[in-house]
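Survey of secondary and tertiary structure
Residue-level listing of the chains:
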Amino acid sequence: MFEAVYQYRDQLLHGLGMTLAVAIASFVIGFLIAAVLAPLAVYGGPFLRRAIMGYVALIRGLPELLVIFLIFYGGTVFMTKIAGRYIEVNALTAGIASLSIVAAAYLTEILRGALLSVAHGQWEGALSLGFRRPRAFLMIILPQMMLRALPGLGNQWLVVLKESALVSVVGLEELMRKSVVGAGATHQPLAFYLTAAALYIMVTGVSTLLLKAYEARLIPHMR
Amino acid sequence: MSLDLFLPAFLAVKNGFLLTVAITIASFALGQILALPLALGLTSTRQAIRVPVSTYTFLIRGSPLLVQLFIIYYGLGQIELVRNSFLWPVLRSPVYCAILAIGLNSAAYAAELLAGGIRQLPTGQWEAGRALGLHRTALLLKIILPQAYRSVLPAIGNELVLVMKGSTLASAVTVLEMTGAARVFVARSYAPFETFLIAGTIYLVMGAVFGRIFRFIEIKVAIPGR
């Protein structure tokens, strides 16, 4: 049963590479957006705060698959309208865009929570030592905030990795799509999907171990 | 975007609404029913029980729901034994497979939540129950579980929304629930914005209603004065 899978090993490994690339790109872009939004959601004016929280609530209430469809099909219509000729948004761009937009909302919430959990006295202490605000944020608040955000960030990485499988539905040639193709061609769906599941579990398992090891290495008294 | 497309888009999406609700509620119920024994397994002192259950939750939580759904829908049908068994009428249907896959998936997450709720109870609760001479079952039903469930109730409400979002994956195995119906209509009308906006709005409203229901239950079961 698994010989068929073995013949497709290069295809599956390519797919796995694409899965990792999409997941890493989406996580990094999502994180960068969240790194801007989270401080604004805490220190920004009331309008900005409400707008960011609205975005977070909106995305958290929408199914990820629907967001992917909206960006993939909507993106093509939108780009065609703007350019005046037919432009198709490819699955890779649409996938990374939608996963980033979704991840950004959850990561904003994680970073916001972590930022709020840093005691206000830390600000006062830093300012009374003569730190200017930007420097106090970078040197005093940010490290403590990142430490508290770490478990949440790790969790979200796993979520993004698993969500990347959804992009296969719009045809991106990542691990899931390659498995579908292999399963269809060889009539061995069970073997292919079990292999795909095993590969995902391997990546999530290794990620979990690395995160735990890293967390344990961080300054123990701050945990 | 054109306004004349909103009504036909709404009518198309509406057809999938009941299926979305049915899959969501059935999967959530299945998940919750399985979560209780799994959570007890996770908090068991016996390794022979704890290890298989935590392996199950590790495997389920480590892989995407879509793969699990494909294993159940496409994979199991490949086994002759399954095709000849009494389960085949269930496993042949994409809707039942979706409910089964989402339910089994949700069970693993819900079990970890509930196990967390059980673990965070002070050991004094167990000791006091035993000192009062309560039988293990009575101890669980009257002392441990009511407290554990109370503390994880908001997270269970969240899980219901996650199950609702997961129900969209049924569209990947040919089920025309709301997202599937929306996608079919988009292919026909070439109106992605109108269609997905309507579907998205319905999902948001559903999520808000689920949130309200759980808030109501939380208030109902809260211990007065605490």
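Source: prediction; values computed, not measured.

1. Things to note about the pattern of salt bridges
All names here are of chain A. Counted by the stated rule, this structure contains 4 salt bridges over all chains. One salt bridge in this structure joins arginine 112 and glutamate 109, with 3.3 Å as the shortest N-O distance. One end of the pair, arginine 112, and the other, glutamate 109, are both in helix H5 (residues 91-117), 3 residues apart, so they sit about a helical turn from each other.

2. A word on the environment of alanine 128 of chain B
In this structure, alanine 128 of chain B sits in helix H7 (residues 123-131). Along the chain, alanine 128 of chain B and valine 205 of chain B lie 77 residues apart, while their C-alpha atoms are 44 Å from each other.

3. Focus: the side chain of threonine 204 of chain A
Summarising the element assignment, threonine 204 of chain A is placed in helix H9 (residues 189-217). Only 3.0 Å separates the side chain of threonine 204 of chain A from the backbone oxygen of isoleucine 201 of chain A, close enough to count as a polar contact. Threonine 204 of chain A has contacts with Leu158 and Leu161 of chain A together with Gly62 of chain B, leaving out every residue within four places of it along the chain.

4. Observations regarding the UniProt feature "domain: ABC transmembrane type-1" (unreviewed entry) in chain A
Those residues carrying the UniProt feature "domain: ABC transmembrane type-1" (unreviewed entry) are residues 16-211 of chain A in this numbering. Counting secondary structure, residues 16-211 of chain A comes out at 85% helix and 0% strand; the distance between its end C-alpha atoms is 20 Å.

5. A short note on the side chain of serine 98 of chain A
Residue and element names in this part refer to chain A. Looking at the secondary structure, you find serine 98 in helix H5. Given a relative accessible area of 1%, serine 98 falls into the buried group. Aside from chain neighbours lying at most four places away, what touches serine 98 is Val67, Ile68 and Ile71.

6. Digging into the interface of chain A and chain B
Contacts between chain A and chain B engage 40 residues on the former and 34 residues on the latter. Taken together, both faces of the contact between chain A and chain B bury some 3,000 Å²; the carbon and sulfur share is 77%. The interface formed by chain A and chain B holds 1 salt bridge in total. Across the salt bridge formed by glutamate 64 of chain A and lysine 165 of chain B, the nearest N and O atoms sit 3.2 Å from each other. Where chain A touches chain B, the interface holds 10 residue pairs in polar contact (both at pLDDT 80 or more). Elements with a contribution of two residues or more to the side of chain A that touches chain B: helix H3 (46-61), helix H4 (64-83), helix H8 (175-186) and H9 of chain A. A class-by-class count of the residues in the side of chain A that touches chain B yields 28 nonpolar, 8 polar and 4 charged.

7. Side note on helix H7 (residues 133-163) of chain A
Owing to its 3.6 residues per turn, the α-helix aligns residues three or four sequence positions apart on the same side. An ideal rise of 1.5 Å per residue puts 45 Å on 31 residues; H7 of chain A reaches only 38 Å between its terminal C-alpha atoms. For H7 of chain A, the principal kink sits at leucine 150 of chain A and spans about 45 degrees; a proline, proline 151 of chain A, occurs within the next four residues.

8. Details of the packing of helix H2 (residues 9-43) of chain A against H3 of chain A
Residues and elements named next belong to chain A. With their axes 8 Å apart at the nearest point, H2 and H3 run at an angle of 130 degrees to one another. When the interaxial angle is binned, H2 and H3 end up oblique. The two elements H2 and H3 meet at a crossing, and its hand is left-handed. Contacts from Leu37, Leu40, Ala41 and Val42 of H2 reach H3 at Leu48, Arg49, Ile52, Met53 and Tyr55. Across the contact of H2 with H3, the residue classes break down as 8 nonpolar, no polar and 1 charged.

9. Some points on unusual backbone geometry
For histidine 187 of chain A, which is not glycine, the phi torsion reads 55 degrees and is therefore positive. Residue placement: histidine 187 of chain A occurs in the loop between H8 and H9. Residues other than glycine seldom take positive phi values, yet tyrosine 190 of chain B does so here, at roughly 60 degrees. Locating tyrosine 190 of chain B in the fold gives a position in the loop between helix H9 (178-189) and helix H10 (192-221). When its relative accessible area of 49% is taken as the criterion, tyrosine 190 of chain B is described as partly exposed.

10. Considerations on the UniProt feature "transmembrane region" (unreviewed entry) in chain B
Taking the UniProt record as the reference, the feature "transmembrane region" (unreviewed entry) is found at residues 16-41, 53-73, 93-111, 169-190 and 196-217 of chain B. The straight-line gap between the two end C-alpha atoms of residues 53-73 of chain B is 23 Å; of that span, 90% is helix and 0% is strand.

Conventions used here
Residues numbered from 1 in each chain as written. Chains lettered and ligands numbered in written order. Predicted model: local features only at pLDDT ≥ 70, side-chain atom pairs only at ≥ 80, totals over all residues. Heavy atoms only, no water. Salt bridge = Lys/Arg side-chain N within 4 Å of Asp/Glu carboxyl O. Helix = DSSP H or I, 4+ residues; strand = E, 2+ residues; numbered from the N terminus. Polar contact = N/O pair within 3.5 Å; in protein donor to acceptor, adjacent residues only side chain to side chain. Contact = heavy atoms within 4.5 Å. UniProt positions renumbered as here; feature names shortened; annotations may be inferred. Buried < 20%, exposed > 50% of the residue type's maximum accessible area, 1.4 Å probe, protein only. Buried area = accessible area lost by both parts, 1.4 Å probe. Nonpolar A, V, L, I, M, F, W, Y, C, P; charged D, E, K, R; others polar. Expected span 1.5 Å × (residues − 1). Bend = angle between axes of the 7 residues up to and from the residue. Axes fitted to C-alpha atoms, helices over the stretch in contact; angles between N-to-C directions. Parallel < 35°, antiparallel > 145°, perpendicular 65-115°, else oblique. Left-handed = near helix turned anticlockwise from the far one by under 90°.

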